Amino acid sequence: VEQIPIGKLISKSIEGIFLKGETTGEFSLCKVGKKQKFNGKVKLNIDNLVFKGKIPSPMGTVNLGRIVLGKMNLNLSVFQNKITIKKLKLKGAFNIEISGEIFLNTRSFSNSRLDLEVQLSLKNQKLLKKNAMLNIAFSQLKRFKKGKYYKFHLSGFLNNPRMRKSIGNKRKKNYNKNS
């Protein structure tokens, strides 16, 4: 596959997103029982990762163009439609770390529920000067900046995520209380 149409696989709201890179790893996912329940695991390493496309924003769809992202490591498990992201790290133009859960809605993937902690830093500020749309996107994140990092919590649904102040380790404590 030349490039993965990630948006078409996930949600029509992000249909214009494509990823390209050199991928190695393991992928196993199986349907369990008669109900739409999935179990499995994914371990991927992607080198020379390139993002291309349009993302939704409060101002409408924003075309970010082509961005060379670098290297991504992903390690997640799936148990009865609960995706646990053990490690999602991106190193390159951005340094991103994501952890948490996604509660998979098998009837409508775009309605899957998010519970993710995100930490993001921009390695090269010149990238913002070169890409006006990316600069606008980062300006929306200023309220989440702590030192050199942007830290926030993503909740809500995949097709309509909400960003709020990072809750850090509290997420796990609150989740365990409700389980």
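Here's what I pulled together on the structure shown here. (Residues numbered from 1 in each chain as written. Predicted model: local features only at pLDDT ≥ 70, side-chain atom pairs only at ≥ 80, totals over all residues. Heavy atoms only, no water.)

## Digging into the pairing of strand β5 (residues 94–103)
Put simply, the rule is: The rule is simple: take the accessible area with a 1.4 Å probe, protein chains only, and divide by the maximum for that residue type; under 20% is buried, over 50% is exposed, in between is partly exposed. To qualify as a helix, a DSSP run of H or I must reach at least 4 residues; to qualify as a strand, a run of E must reach at least 2; elements of each kind are numbered from the N terminus. A pair of strands is considered paired only if DSSP assigns at least 2 bridges between the two.
Within β5, 7 of the 10 residues are buried, leaving the element largely enclosed by the surrounding structure. Summarising the sheet, strand β4 (residues 82–92) and β5 pair through 8 bridges and their orientation is antiparallel. Looking at β5, one finds that Lys-82 is bridged to Phe-103. The antiparallel pairing of β4 with β5 creates a hairpin that spans 1 residue between the two strands. Where β5 and strand β6 (residues 113–122) come together, 10 bridges link them in antiparallel fashion. Across the sheet, Glu-101 pairs through a bridge with Asp-115, a residue of β6.

## Structural notes on the pattern of salt bridges
As a reminder of what qualifies: Between Lys or Arg on one side and Asp or Glu on the other, a salt bridge is scored when a side-chain nitrogen of the former is within 4 Å of a carboxyl oxygen of the latter.
In the structure shown here, the tally under the stated rule is 2 salt bridges. Its salt-bridge partner being Glu-26, residue Lys-41 comes within 3.8 Å of it at the nearest N-O pair. Taken together, the residues Lys-41 in strand β2 (residues 37–55) and Glu-26 in strand β1 (residues 17–32) connect sequence positions 15 residues apart. Lys-41 gets classed as partly exposed once you look at its relative accessible area, which sits at 38%. Where Asp-47 meets Lys-71, a salt bridge forms, and the shortest distance between an N and an O atom there is 3.8 Å. Of this pair, Asp-47 sits in strand β2 while Lys-71 sits in strand β3 (residues 62–79), and the two are 24 residues apart along the sequence. A residue is classified by how much of its surface remains accessible, and Asp-47, at 31% relative accessible area, is partly exposed.

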